[in-house]
Amino acid sequence: VRIGSASKEFWALFLVYYLAGPLSEFIIFRKLWAIPFSGMIPLLRKQVSNELLLGYSGEVYFYSWARRAANLTTSPFGAVKDVTILSAMIGNAVTILLLIVSAPLLTQLLPRMNESGDSRTIIASFVFIMASSLVVLFYRKKLFSLDWREIRFVSLIHFARIVVTIGLSALLWHLLLPSAQLGWWLLLSTWRQLIARLPFIANKDVVFAAAAVFLIGRDHEIGEMLTFIAALIVAAH
């Protein structure tokens, strides 16, 4: 793994990867509320709260900030709720698509996943994905307060953000470990999305790296690379 000689391209891509979430939400709330550019600061804090403290704690923080500072004529609760639900729904859809595409590779690793207990993570993630998607499907008219044009806009931004972050993560992995096959990046992207679907888990990148080490093996260079990137993300937080 070329950790000691990470290129300028790696650090530039890492910066974009780290900021992709807050930037996408800034675009969304700039459209919905016309928040100022200083709104990036609470969005960064929102990301850090979700990652280091507890999943969705950042939404509580951002809601309280919006009530104080966004100069809204109505309560921001509805928009924050809708943006969060739509993010989960689009993430669920992308995860299911990745599961379908990477199914042959996952099947090959099932024996090792059963030994390490990682198969339970896939089952738990899949159950949560399907259950949450069905709830939103049945109660969509009562859940959403945004109009359909706003819902479509928010969904497109979320989809673009997820696709970009998946692509950037694969590029970061490739820059550190160019000899690995494309199939590994597809498998790891699917694995990362599955773990991301589990609610109320902090430090998901660390959890992902640890699970991948058990899945792949401690002596594999991919585990070293993922641990390095997970440490970088925590340091950035």
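Below you will find a few notes about this structure. Just so we're clear, the structure is a prediction, and the values are computed from it rather than from any experiment. (Residues numbered from 1 in each chain as written. Predicted model: local features only at pLDDT ≥ 70, side-chain atom pairs only at ≥ 80, totals over all residues. Heavy atoms only, no water.)

**What to know about the overall build of the protein**
The secondary structure content of the protein amounts to eleven helices and zero strands. Order of helices (α) and strands (β) in the protein, N terminus to C terminus: α-α-α-α-α-α-α-α-α-α-α. Taken across its 237 residues, the protein has 48% of its residues classed as buried. Within the protein, contacts between residues separated by at least 24 positions form 73% of all contacts whose residues are at least 6 apart in sequence. Looking at the protein as shown, the accessible area adds up to about 12,500 Å², and 67% of this sits on carbon and sulfur atoms. (Helix = DSSP H or I, 4+ residues; strand = E, 2+ residues; numbered from the N terminus. Buried < 20%, exposed > 50% of the residue type's maximum accessible area, 1.4 Å probe, protein only. Contact = heavy atoms within 4.5 Å. Areas by Shrake-Rupley, 256 points an atom, 1.4 Å probe, with all protein chains shown as cover.)

**A short note on the pattern of salt bridges**
This structure, assessed with the given rule, holds four salt bridges. One salt bridge connects glutamate 25 with lysine 46, and the closest N-O pair in it is separated by 2.9 Å. Pair noted here: glutamate 25 is in helix H1 (residues 8–33) and lysine 46 is in helix H2 (residues 40–53), with a separation of 21 residues, a long-range link. Since its relative accessible area comes to 12%, glutamate 25 is described here as buried. Judged by relative accessible area, lysine 46 falls into the buried class, the value being 6%. The salt bridge partner of aspartate 205 is arginine 192, with a shortest N-O separation of 3.2 Å. (Salt bridge = Lys/Arg side-chain N within 4 Å of Asp/Glu carboxyl O.)

**What to know about the packing of aromatic side chains**
Across all of its chains, the model carries eleven aromatic pairs by this definition. Through pairs of rings, three or more aromatic residues link up here, namely Phe10, Trp11, Phe14 and Phe228. One Lys or Arg, arginine 30, reaches over the ring of phenylalanine 37 and ends 4.5 Å from the middle of that ring. Above the face of the phenylalanine 153 ring, lysine 31 is positioned so that its terminal group lies 5.8 Å from the ring centre. (Phe/Tyr/Trp six-rings, centres within 6.5 Å; stacked < 30°, edge-to-face > 60°. Lys NZ or Arg CZ within 6 Å of the ring centre and 35° of its normal.)

**Observations regarding a nonpolar patch on the surface**
A cluster of nonpolar residues, Leu52, Leu53, Leu54, Val206 and Val234, forms a patch on the protein surface that exposes about 390 Å² of accessible area. Examined against the element boundaries, leucine 52 turns out to sit in helix H2. (Patch = residues over 30% accessible without salt bridge, like charges linked within 9 Å, V, L, I, M, F, W, Y side chains within 5 Å.)

**A word on unusual backbone geometry**
Its identity is not glycine, yet alanine 34 carries a phi of approximately 60°, on the positive side. When you line up the elements, alanine 34 lands in the loop between H1 and H2.

**Section: the environment of glutamate 221**
Here glutamate 221 shows up in helix H11 (residues 221–236). Here glutamate 221 falls in the partly exposed class, since its relative accessible area comes to 38%. Taking the C-alpha atoms as reference points, glutamate 221 and alanine 180, separated by 41 residues in sequence, lie 9.2 Å from one another.

Any link to function would need more than the numbers given here.
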